[in-house]
Structures are given as C-alpha cells and as structure tokens.
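Okay, here's what each chain looks like letter by letter:
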Amino acid sequence: MTIYVDMDEVIADTYGAHIEIYNEEFNAMLTEEHCMGSEVWHKVPEAHQDSVRNHARRRGFFRNLKPIADSREVLNELTKKYEVYIASAAMQFPNSLEEKSDWLDEHFPFIPWQNRILCGHKHILKGDVLIDDRSYNLTHFDGRPLLFTSPHNIHTTGIERVNSWKEVADKLL
C-alpha cells in the first residue's frame, strides 16, 4: 500500500505557529479555540491580517515548527508496513523547500529523501491513501482520502476524518 502524508497541519503544527508568532508580534492573547473553524488570519484585526498571511514567507517559519502529537511514532510504524511518502506543497513560499527538507531530516529521519515529494498541486498523486488537512487536496484523490482534523477544517464534511495520529494508527496499522 502507498500512503501519502501532507506536512502542514498533519505532521507539522503551522496553525499553532501562526498563533504563537501573532501573539508575540502584537502582544495579543489569541487562542486556537478562538480561531476554530477559520484560518488564523481571519480572526485578527484587518490591520494585522497581512502580517499573519506572510508568516510563512519568513525565514525559519517552516524550520521551527513543532511536530503534531504522535506523528513520529505512528509514521515510523507505518513505514515498516507500507510505502510512505511525505507530499507537501512546498513551492508557494520561497524558503519552504529547504526548510521542510531540513525539518524532515530532524524529526522524521526514517523517511528518506527519496520518499519526499515537495510539490505544487497534489492532484498528480496516485496511491492508496492520502492524509491531508485540506479537502481540496482530497476531493480528486483516487484512493482513500483521510481528512486530518485541524482547527480550520472542523466544519468540513463528506470526507473520512481522522482527529489524531492515534486514530490514523487504529485505521491503518
């Protein structure tokens, strides 16, 4: 079985990073709970929205992300049974290609560079399972789409959902 796994909001906590950077930059108290069902930038004053939208353009943003809980352990087990690829949209932000590669080296060294697809659109992927937080990446996937829960997608319906890496393990291991 071939499994593709997205990075941002699936194994790397970009949502939490946006909130943390925003709070530091604007001395704010924004919480994940306040942002539920939306993108972070939608929940800040209009004068601050460009700043949040541009976090990902800052050097170090992708390199300093925290791993999502249990992602390392479950992915390590999945790689022992299946062909696992990391498939991440890395072309949109200038620094992300290098930073995502370095981040994977540090946090997921058991996934070799040959199993990393840093791309643009994911509609080109052909395999058995795609785990992603964006429904638009899942709707045209020919295999089994698994929507990984993130604060921004809590209202998305119609796609099989996994709320944690422990649920991924229950379904695939």
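Below: a short report on this structure. (Residues numbered from 1 in each chain as written. Predicted model: local features only at pLDDT ≥ 70, side-chain atom pairs only at ≥ 80, totals over all residues. Heavy atoms only, no water.)

Observations concerning the pairing of strand E2 (residues 83-89)
Going by this rule: At least two DSSP bridges between two strands are needed for those strands to be called paired. Where helices and strands are cited, they refer to DSSP runs of H or I of at least four residues and of E of at least two residues respectively, numbered from the N terminus. A crossover gets the label right-handed when its path from the first strand over the helix to the second runs clockwise, viewed with the strands pointing away from the viewer.
One ladder, built from four bridges, connects strand E1 (residues 2-5) with E2; its direction is parallel. Along E2, the bridge assignment pairs Thr 2 with Glu 83. Pairing between E2 and strand E3 (residues 116-119): four bridges, direction parallel. Bridge pairing links Ile 86 to Arg 116 in E3. This β-α-β element, E2 to helix H5 (residues 96-107) to E3, shows right-handed connectivity.

With respect to unusual backbone geometry
As a reminder, the rule being used: Relative accessible area decides the class of each residue, using a 1.4 Å probe on protein chains only: under 20% of the type maximum gives buried, over 50% gives exposed, and in between gives partly exposed.
Positive phi, close to 70°, is recorded for Glu 9, a residue that is not glycine. Looking at where Glu 9 falls in the secondary structure, it is placed in the loop between E1 and helix H1 (14-26). Classification of Glu 9 by relative accessible area gives buried; the value is 6%. Of note in the backbone geometry, Asn 27 takes a positive phi value of approximately 50° without being a glycine. Looking at the element boundaries, Asn 27 is found in the loop between H1 and helix H2 (32-35). Since its relative accessible area comes to 74%, Asn 27 is described here as exposed.

Quick look at the layout of surface pockets
This is how the line gets drawn: The rule is simple: put a 1 Å grid over the protein atoms alone, call a set of points where a 1.4 Å probe fits but cannot get out a cavity, call an open set with protein on both sides within 12 Å along at least five of seven lines a pocket, and count a residue as lining if it has an atom within 4 Å of a point. Grid points are joined across faces, edges and corners, and a volume is the space filled by probe spheres set on the points. Only Asp, Glu, Lys and Arg are considered charged, only Ala, Val, Leu, Ile, Met, Phe, Trp, Tyr, Cys and Pro nonpolar, and every remaining residue, Gly among them, polar. Bear in mind that the domain bounds are from an automatic or database domain assignment.
Its volume calculated, the largest pocket comes out at about 820 Å³. Lining the largest pocket are 32 residues, and of these Asp 8, Gln 92, Phe 93, Arg 134 and Tyr 136 lie nearest its centre. For the lining of the largest pocket, the secondary-structure elements that each account for two or more residues are H1, helix H3 (46-53), E2 and helix H6 (135-138). Among the elements that take part in the lining of the largest pocket, H1 stands out by supplying three residues, more than any other. Within the lining of the largest pocket, the residues separate by chemical class into ten nonpolar, eleven polar and eleven charged. Mapping the lining of the largest pocket onto the domain boundaries places at least three of its residues in each of domain 1 (2-13 + 65-172) and domain 2 (14-57). Space inside the second largest pocket adds up to approximately 230 Å³. For the second largest pocket, the lining is made up of 13 residues, of which Ala 17, Glu 20, Ile 21, Asn 64 and Leu 65 are closest to its centre. Of the residues contributing to the lining of the second largest pocket, the split by class is four nonpolar, four polar and five charged. Each of domain 1 (2-13 + 65-172) and domain 2 (14-57) accounts for three or more of the residues forming the lining of the second largest pocket.

Here's the deal with the environment of Asp 13
Under the convention used in this document: What makes two residues a contact is simply this: any of their non-hydrogen atoms within 4.5 Å. A 3.5 Å cut-off defines polar contacts: any pair of N or O atoms within that distance qualifies, except that in protein one atom must be a possible hydrogen donor and the other a possible acceptor, and neighbouring residues in sequence count only when both atoms are side-chain atoms.
Among the structural elements, Asp 13 can be located in the loop between E1 and H1. When residues no more than four places from it in sequence are discounted, the contact partners of Asp 13 are Leu 65, Lys 66 and Ile 68. A polar atom in the side chain of Asp 13 sits 2.8 Å from the backbone nitrogen of Gly 16.

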